[in-house]
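A structural walkthrough
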Number of protein chains: 2
Amino acid sequence: MSRPRRPGPEGRQPTIKQVAERAGVSPMTVSRTLAGGSGVRPEVQQRVLEAVQKLGYHRNENARSLRPGHRSGLIGVAITNLANPYYGTFALGVEEVAATYGRRIILGNTGEDADRETQLVADFIGRQIEGLIIVPSASSADHLGPDRIGGLPAVLASRRVYGLELDTVVLDDVGGAYRGTRHLIESGHRRIGYLGNVLSVFTGQRRFSGYERALTEQGLAVHPELVQRGQQDVESAGAALARLLDSDDPPTAIFSANNRNTIGALSEIGRRIRGGTDPSRLPALVGFDDFELADLSPVPLAVIAHDPHQLGAEAARLLFHRMESTDPVPARTIELPVTLRIIRP
Amino acid sequence: MSRPRRPGPEGRQPTIKQVAERAGVSPMTVSRTLAGGSGVRPEVQQRVLEAVQKLGYHRNENARSLRPGHRSGLIGVAITNLANPYYGTFALGVEEVAATYGRRIILGNTGEDADRETQLVADFIGRQIEGLIIVPSASSADHLGPDRIGGLPAVLASRRVYGLELDTVVLDDVGGAYRGTRHLIESGHRRIGYLGNVLSVFTGQRRFSGYERALTEQGLAVHPELVQRGQQDVESAGAALARLLDSDDPPTAIFSANNRNTIGALSEIGRRIRGGTDPSRLPALVGFDDFELADLSPVPLAVIAHDPHQLGAEAARLLFHRMESTDPVPARTIELPVTLRIIRP
DNA sequence: CTGTTAGCGCGTTCAG
DNA sequence: CTGAACGCGCTAACAG
């Protein structure tokens, strides 16, 4: 059985006109039937639906959204790294809330690249999204300014962008990092290393300041040689920890400011244990972001846990609230709580 | 500084007409300028671009795609679980190849739900996608039949659907499961449990048959009481392993047919070790799908490794090949190799 | 170099 | 109950 040729001319989708022709009615009757059928004789509806079936007709949403008063039903979601389960779960949170509002999400990956982000947002707008949820890749505000996105409802998630008056959902980065670091100090550690993002990233700056605060508050110095910033992936995070551990006076504990760094650190720790290093000579760890298999940690471990799904859902709620309110609402920032979860004392 | 009102009437995006008016030219001149500007006086272009800037104008892609000959530039991607990093990475592979063809992806999550999948595909088509890549949620073919999607180029990934003549990219499920199980047998195990998907799922059926083959080939029986199927998430997978381990004659090794089951099993193993169980009394493990932190396994572990990114990229290549070929190409199936990676002997 | 015309697929409005 | 006309935003083809 050979695959049938595409019904429309030029390989396009069949149109309402073709359905009408086949059913022996006018396009209007098809439109009405598909809109619920009120005011169309049942027998005619039957004929129309048959034609729809036969042709594999689908309404052209793009054409529909062109009509005044009609909405595209799309929410644009731009995340930095699709391969990171954290953002996948985040997107899922957005999607579920969006679904309850009858909207679909269109998802784009920026790869932490500002240019791609700019492009993505422009394209989203070109596709008539009704709202935008974005995990900004950097602190640059250019492409998100009011003159670029117009009055399009937009929500920033996870990171804030200075100079932008947009609704924002962030985590209690400072508090979480503070409590995590504090936990290590209370466990008796004095030399506590730091693995994290560069300061130009919103969360990088906030989490480092929480780490800093906990140390200085306890009269401990921040040793620059114990601070490794900028590694974004598991592999380089492992290498960064290796540098710390191989130094003359290595840290006895590590505060890791995000998932990727924590995983990288644990992988490196695992490698060393298999290489014969005694686990008791390896650093204790506190990591921002929870992760799977934390239970298997061979060293003392705690995580700053929070729910990416909730982050996404909250961002979506903020967005729809703005979309539905007619009069201007001042930009709000929601800071979601985090909890210190001790996996292994 | 208050957020500016949306320029267009009714909160819609500004149109080419408004830009034209503001620049004191006709819409056509704006269109030409935006298309590269050939045949427009530089000074006029200047005026146009200024108006574009001021109004925050973006071309309406939906309207553009309405025009004959124009394409939407969208590839629809439907995956089963966005929160699973495996599929996130898969989508990334698709996206990257799509980008080289100047296409963007529109991503939808089916949640293993056939109805949502049907809806999703219909909506995708309504939005004039040029091609479809789908990880089918079940073996039901209804909504993907030629009469439903017309001649729309489509590729199935990871799972095949019987009765559909579509391009497909799958893994060497049978071979992988065979080699994994065989590895356990060669390590001296005789009672090897199975954790995996139900047989109605394509991969579930294939991977179980690889497991089965390895056992029978070596003269070992498949013990139904050692087979746990149907658990889809980490938690229930852990519970399934617990059932096996708490039985009268527990297995000494486990073959786990997917990521979720492997993670769940390792979590359960971790729990038991922390509860005081001697690791040597816990089962060795071979899991289909690689995963992060495999290095930390406290029990002997091997994984059937493969690259979801590659799976996505291959699916996309298959899709574009079909999209670009004018004459009908018979449906092809590509089976990607997998490798046995021994993490801990 | 620039503007006018026409039509892509659809649905609201108004006529039959 | 059904159809014809119109226009949503955009651009190819054709004037000027």
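Residues numbered from 1 in each chain as written. Chains lettered and ligands numbered in written order. Predicted model: local features only at pLDDT ≥ 70, side-chain atom pairs only at ≥ 80, totals over all residues. Heavy atoms only, no water.

Chain A carries the name LacI family transcriptional regulator in an unreviewed UniProt entry, which gives Microlunatus parietis as its organism.

We now examine the protein's contact with DNA strand C. In the vicinity of DNA strand C there are 23 residues, among which Ile16, Tyr57 and Arg64 of chain A together with Arg32 and Arg67 of chain B approach most closely. Ile16 of chain A has a polar backbone atom sitting 2.4 Å from a phosphate oxygen of DNA strand C. Interatomic distance of 2.7 Å between a backbone N/O atom of Arg41 of chain B and a phosphate oxygen of DNA strand C. Looking at the surface near DNA strand C residue by residue, the classes come out as 11 nonpolar, 6 polar and 6 charged. (Near = heavy atom within 4 Å. Polar contact = N/O pair within 3.5 Å; in protein donor to acceptor, adjacent residues only side chain to side chain. Nonpolar A, V, L, I, M, F, W, Y, C, P; charged D, E, K, R; others polar.)

What follows deals with the packing of helix H1 (residues 16–23) of chain B against helix H3 (residues 42–55) of chain B. Residues and elements named next belong to chain B. At a minimum axis separation of 9 Å, H1 and H3 run at an interaxial angle of 125°. Our classification of the angle between H1 and H3 gives oblique. For H1 against H3, the interelement crossing comes out right-handed. Where H1 approaches H3, its residues Gln18, Val19, Arg22 and Ala23 are matched on the opposing element by Arg47, Val48, Ala51, Val52, Lys54 and Leu55. A breakdown of the residues in the contact of H1 with H3 according to their chemical character gives 6 nonpolar, 1 polar and 3 charged. (Axes fitted to C-alpha atoms, helices over the stretch in contact; angles between N-to-C directions. Helix = DSSP H or I, 4+ residues; strand = E, 2+ residues; numbered from the N terminus. Parallel < 35°, antiparallel > 145°, perpendicular 65-115°, else oblique. Left-handed = near helix turned anticlockwise from the far one by under 90°. Contact = heavy atoms within 4.5 Å.)

What follows is about the sheet that holds strand E8 (residues 253–256) of chain A. All names here are of chain A. The strand order across the open sheet built from 6 strands is E7-E6-E8-E9-E10-E12, with neighbouring strands paired in mixed fashion. The two strands at the open ends of the sheet, each matched to only one other strand, are strand E7 (227–229) and strand E12 (339–344). Looking at each pair of strands side by side, their axes are set apart by 15° on average, direction ignored. Summarising the sheet, E8 and strand E9 (residues 284–288) pair through 4 bridges and their orientation is parallel. In the strand pairing of E9, Phe255 is matched with Val286. Sheet contacts for helix H9 (residues 202–217): strand E6 (192–196), E7, E8 and E9; angle to E6, the most-contacted strand, approximately 170°. Contacts from helix H11 (residues 259–274) reach E6, E8 and E9 within the one sheet, and its direction differs from that of E9 by about 155°. (Pairing = 2+ DSSP bridges.)

What follows deals with the relation of the copies chain A and chain B. Least-squares fitting of chain A to chain B yields an RMSD of 0.1 Å, with the transformation described by 0.1 Å of translation along the axis and a rotation of 180°. One copy is carried onto the other by what is essentially a two-fold rotation axis. A symmetric contact is evident, with 99% of the interface residues of chain A recurring at the interface of chain B. (Least-squares fit on C-alpha atoms with pLDDT ≥ 70 in both.)

Residue and element names in this part refer to chain A. Listed in full, the buried residues belonging to helix H1 (residues 16–23) are Val19, Ala20 and Ala23. Taken around the axis of H1, the buried residues stretch over an arc of 100°, which confines them to a single face. Of the exposed residues in H1, those oriented more than 90 degrees away from the buried face are Lys17, Glu21 and Arg22. Lining the buried residues of H1 we find helix H2 (27–34) and helix H3 (42–55). Following H1 by one or two positions, Gly24 has its phi on the positive side, about 70°. (Buried < 20%, exposed > 50% of the residue type's maximum accessible area, 1.4 Å probe, protein only. Arc of directions from axis to C-beta.)

So, about the interface of chain A and chain B. Across the boundary between the two partners, chain A contributes 72 residues, which contact 71 residues of chain B. For the pair chain A and chain B, the summed buried area comes to about 6600 Å², and 50% of that belongs to carbon and sulfur atoms. The tally of links from chain A across to chain B stands at 6 salt bridges. Put simply, Asp123 of chain B and Arg104 of chain A hold a salt bridge, and the shortest N to O gap is 2.9 Å. The interface formed by chain A and chain B contains 15 residue pairs in polar contact (both at pLDDT 80 or more). Among the elements of the structure, helix H4 (61–66), helix H5 (85–100), strand E2 (104–109), helix H6 (114–126), helix H7 (146–149), H11 and E12 of chain A are those that each provide at least two residues to the side of chain A that touches chain B. Per-class residue counts for the side of chain A that touches chain B are 29 nonpolar, 22 polar and 21 charged. (Buried area = accessible area lost by both parts, 1.4 Å probe. Salt bridge = Lys/Arg side-chain N within 4 Å of Asp/Glu carboxyl O.)

Residue and element names in this part refer to chain B. Strand order in this open sheet of 6 strands is E2-E1-E3-E4-E5-E11, and the pairing throughout is parallel. The open sheet has two edge strands with one neighbour each: strand E2 (104–109) and strand E11 (333–336). Along the sheet, successive strands turn relative to each other by an average axial angle of 15°, direction set aside.

Turning our attention to the pattern of salt bridges. Per the stated rule, a full pass over the model turns up 42 salt bridges over all chains. Among the ionic pairs, Asp246 of chain A bridges to Arg272 of chain A, the shortest N-O distance being 3.0 Å. Pair noted here: Asp246 of chain A is in the loop between helix H10 (234–245) and E8 and Arg272 of chain A is in helix H11, with a separation of 26 residues, a long-range link. Owing to a relative accessible area of 53%, Asp246 of chain A belongs among the exposed residues under this scheme. When the shortest N-O distance is used, the salt bridge between Arg260 of chain A and Glu292 of chain B registers 2.6 Å. Residue Arg260 of chain A is found in helix H11, and its partner Glu292 of chain B is found in the loop between strand E9 (284–288) and strand E10 (301–305); the two belong to separate chains. Judged by its relative accessible area of 38%, Glu292 of chain B is partly exposed. If you follow the salt bridges from partner to partner, you end up with Asp173, Arg206, Arg207 and Glu335 of chain A in one network.

All names here are of chain B. With respect to the secondary-structure elements, His306 resides in the loop between E10 and helix H12 (308–324). When its relative accessible area of 12% is taken as the criterion, His306 is described as buried. In contact with His306, not counting residues within four places along its chain, are Tyr86, Leu171, Phe288, Asp289, Pro337 and Val338.

Time to look at the packing of aromatic side chains. Remark: the centre distance and the inter-plane angle together describe each pair of aromatic rings, the angle taken between the planes. Residues and elements named next belong to chain A. Throughout the structure, instances matching the rule amount to 16 aromatic pairs over all chains. Judged by centre distance (4.9 Å) and plane angle (85°), the ring pair of Tyr194 and Phe208 falls under edge-to-face. Highlighted residues: Tyr194 in strand E6 and Phe208 in helix H9, separated in sequence by 14 residues. Neither residue differs from the other here; Tyr194 and Phe208 are each classed as buried. (Phe/Tyr/Trp six-rings, centres within 6.5 Å; stacked < 30°, edge-to-face > 60°.)

When the parts of a complex come together, some accessible area is lost, and that lost area is often used as the size of the interface. Each domain of chain A was delimited in the assignment, giving domain 1 (9–55), domain 2 (74–171 + 308–335) and domain 3 (173–305). Each of domain 1 of chain A and domain 3 of chain A has a C-alpha centre, and these two points are 63 Å apart. (Domains from an automatic or database assignment.)

Turning next to the pairing of E6 of chain A. All names here are of chain A. In terms of burial, E6 is largely enclosed, as 5 of its 5 residues are buried. Residues of E6 alternate between two faces, with Ile192, Tyr194 and Gly196 on one and Gly193 and Leu195 on the opposite face, all of them buried. When E6 meets E8, the two strands line up parallel, connected through 4 bridges. Paired with Gly193 across the bridge in E8 is Ile254. Relative to E7, E6 runs parallel, the two being bridged by 3 bridges. Across the sheet, the residue bridging to Tyr194 is Val227, located in E7. In this fold, the crossover linking E6 to E7 by way of H9 has right-handed handedness. (Right-handed = clockwise from strand over helix to strand, strands pointing away.)

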